[in-house]
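So you can see what is in the structure, the chains are spelled out below.
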Amino acid sequence: LFIVGVFFGLIIFLFINLYIKRQLSLHSLIVKGVIRKEFIPYYQPIINVKNNTMYGCEVLVRWWFNKKELISPDDFIPYAENSGLIIDITDVLLEKTLTQLSSLNWQKSTAVISINLVPEQLENKQQIRKFVDMIIKSSISPKQIAFEITERMSFTDLDKAAIVIDYLKAQGINVKLDDAGTGYGSFSYIQHLNLQSLKIDKMFVDTIGTYDHKLFVLDSIIAFGKKAGMEMIAEGVETKQQSDYLLQSGVYLQQGFYFSEPLKFEQFRHYFQRDQAK
Ligand code: C2E
Ligand code: CA
Ligand code: CA
Ligand code: CA
């Protein structure tokens, strides 16, 4: 009788579970995830190819859903960005990142951490102030933090963004233009905003070594970045050929599977410690 009871209990439990899962929209799941702090940082090293040491890393969010399923950003970031929930996710992510990197004595290195923000977040000075406060309270120096702003989404108010970027700059925090060339107006952003560096999107890196006649687009972005005196980071570098081409073109800060995938903290700790010992 006991076993039958457990069996039916389990069936009912599974049905209720299924029912609840269907009822809860992605929205409320994310809200719950924020409360439970299920959003965790993965770290992808950015290499200075000139001397083969780590320049820094990019923080890429993963959702450790119900503590058993690892969900990649493509499945929830677009919704989070459009609904504004990205603000709460970034909050959780930044807090974890600062704690984890402090535990590595990150401040004793010169490495830079890059955090992804959407334009909307950058226009919200209150939100940015909160991030800056979190950074100042941590052991990590603001000089070791950078924000990446994607141009896949547009700013609604460039003047507002310019003020916030100047404020960040005054605090020592650099702002990088992410996915440069793929979206809304790199040129106008660079014209209006005090951006220090440019991340060359994988889309352009992909054209290296494919005899793609569009390689000239990559070359033009690089020429532009040089003229503008901006630091350049190439993302999505997968092969030696791509890495060599970029280095020859003067782009020596590189990120991609050729060097390392995004790593969970335990793996990244080893990576960082090995790099520091160089
Ligand atoms: P992204 O900012 O362009 O980041 C680079 C993406 O390319 C990452 O995907 C990374 O894992 C992947 N990647 C890096 N190197 C290589 C490579 O050599 N080959 C290939 N095929 N892929 C490579 P991921 O981690 O899945 O993130 C996807 C996107 O989600 C990011 O693109 C970014 O736009 C967004 N995202 C991730 N974390 C955050 C976050 O905390 N906040 C916001 N707003 N967006 C985020
Ligand atoms: Ca990025
Ligand atoms: Ca990018
Ligand atoms: Ca990209």
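Structure first, text after, so check above.
Bear in mind that the values here come from a model prediction, so they are computed numbers and not experimental data.

Student: Residues and numbers for the overall build of the protein, please.
Tutor: Scanning the protein for helices and strands turns up 12 helices and 9 strands. Its C-alpha atoms give the protein principal-axis dimensions of about 80 × 40 × 40 Å. Expressed as a percentage of the 278 residues in the protein, the buried residues total 48%. Residue pairs in contact within the protein that sit at least 24 positions apart in sequence constitute 69% of those at least 6 positions apart. Charge-centre separation for the protein: the mean point of 30 positive side chains lies 7 Å from the mean point of 30 negative side chains.

Student: Residues and numbers for the coordination of the calcium ion (ligand 3), please.
Tutor: Taken together, Asp178 (OD), Asp178 (OD), Asp179 (OD) and Glu235 (OE) make up the protein donors of the calcium ion (ligand 3), found 2.1 to 3.2 Å from the metal. The sequence pattern describing where the donors of the calcium ion (ligand 3) fall on their chain is D-D-x55-E. In this structure, the calcium ion (ligand 3) is positioned 3.3 Å from the calcium ion (ligand 2), and both are ligated by Asp178. Here Asp179, found in strand S6 (residues 174–180), pairs with Glu235, found in the loop between strand S8 (231–234) and helix H11 (240–248); they are 56 residues apart in sequence, far enough to count as distant. The two residues Asp179 and Glu235 agree in class, both being buried.

Student: Report on the coordination of the calcium ion (ligand 4), specifying residues and quantitative values.
Tutor: Distances from the calcium ion (ligand 4) to its protein donors, namely Asp179 (OD), Asp201 (OD) and Glu235 (OE), fall within the range 2.1 to 2.3 Å. Each donor residue of the calcium ion (ligand 4) belongs to the same chain, with the gaps between them written as D-x21-D-x33-E. Separation of the calcium ion (ligand 4) from the calcium ion (ligand 2) amounts to 5.8 Å. Taken together, the residues span a long stretch of sequence, with Asp179 in strand S6 and Asp201 in the loop between strand S7 (197–200) and helix H9 (202–205) at a distance of 22 residues. A single burial state applies to Asp179 and to Asp201, both of which are buried.

Student: Go over the site of ligand 1, please, and point to the residues and values.
Tutor: What surrounds ligand 1 is a group of 24 residues, the closest being Gln44, Arg62, Arg152, Glu238 and Phe257. One nitrogen or oxygen atom from the side chain of Arg62 is found 2.9 Å from an oxygen atom belonging to ligand 1. In this structure, Asn116 approaches ligand 1 through a side-chain N or O atom, which is 3.5 Å from an oxygen atom. About the coverage of ligand 1: the protein hides 84% of its 800 Å² of free accessible area. For ligand 1, the cavity whose grid points lie within 2 Å of the majority of its atoms is the largest pocket. Per element, the largest residue contribution to the shell around ligand 1 is 4 residues, and it comes from strand S2 (residues 53–65).

Student: Lay out the environment of Gly183 with the relevant residues and their values.
Tutor: With respect to the helices, strands and loops of the structure, Gly183 is situated in the loop between S6 and helix H8 (186–192). Considered as a pair, Gly183 and Arg152 are 31 residues apart in the sequence and their alpha carbons are 4.5 Å apart. Those residues in contact with Gly183 that lie beyond four places of it in its chain are Glu151 and Arg152.

Student: Residue-level account of the packing of aromatic side chains, with values.
Tutor: Scanning all chains against the criterion turns up 13 aromatic pairs. A centroid spacing of 4.9 Å and a plane angle of 20° characterise the contact between Tyr43 and Phe268, whose relative ring orientation is stacked. Of this pair, Tyr43 sits in strand S1 (residues 39–48) while Phe268 is found in helix H12 (residues 265–276), placing the two residues 225 residues apart along the sequence. In terms of burial, Tyr43 and Phe268 fall into one category: buried. Centroid distance Phe155 to Tyr189: 5.0 Å. Interplanar angle 80°. Geometry classified as edge-to-face. Taken together, the positions of Phe155 in the loop between strand S5 (145–150) and helix H7 (158–171) and Tyr189 in helix H8 put the pair 34 residues apart, joining distant regions of the chain. Pair check on accessibility: Phe155 and Tyr189 agree, each one buried. Three or more aromatic residues joined by ring pairs make a cluster, and in this case those are Tyr43, Trp106, Phe265, Phe268 and Phe272.

Student: Could you give an account of the layout of surface pockets, with specific residues and numbers?
Tutor: What the largest pocket holds in volume is close to 880 Å³. The wall of the largest pocket is formed by 33 residues, among which Glu58, Leu60, Pro73, Asp74 and Asn116 lie closest to the centre. Only S2, helix H3 (77–83), helix H4 (86–103), strand S4 (112–117), S5 and S6 provide two or more residues apiece to the lining of the largest pocket. Its residues assigned to classes, the lining of the largest pocket shows 13 nonpolar, 8 polar and 12 charged.

The rules we used
- Residues numbered from 1 in each chain as written.
- Chains lettered and ligands numbered in written order.
- Predicted model: local features only at pLDDT ≥ 70, side-chain atom pairs only at ≥ 80, totals over all residues.
- Heavy atoms only, no water.
- Helix = DSSP H or I, 4+ residues; strand = E, 2+ residues; numbered from the N terminus.
- Buried < 20%, exposed > 50% of the residue type's maximum accessible area, 1.4 Å probe, protein only.
- Contact = heavy atoms within 4.5 Å.
- Lys, Arg positive; Asp, Glu negative; His and termini not counted.
- Charge placed at Lys NZ, Arg CZ, Asp CG, Glu CD.
- Donors = N, O, S within 2.8 Å, 3.2 Å for Na, K, Ca; no water.
- Near = heavy atom within 4 Å.
- Polar contact = N/O pair within 3.5 Å; in protein donor to acceptor, adjacent residues only side chain to side chain.
- Areas by Shrake-Rupley, 256 points an atom, 1.4 Å probe, with all protein chains shown as cover.
- 1 Å grid on protein atoms, 1.4 Å probe; cavity = no way out; pocket = protein on both sides within 12 Å on 5 of 7 lines; lining within 4 Å.
- Sits in = over half its atoms within 2 Å of the grid points.
- Phe/Tyr/Trp six-rings, centres within 6.5 Å; stacked < 30°, edge-to-face > 60°.
- Points joined across faces, edges and corners; volume = space filled by probe spheres on them.
- Nonpolar A, V, L, I, M, F, W, Y, C, P; charged D, E, K, R; others polar.

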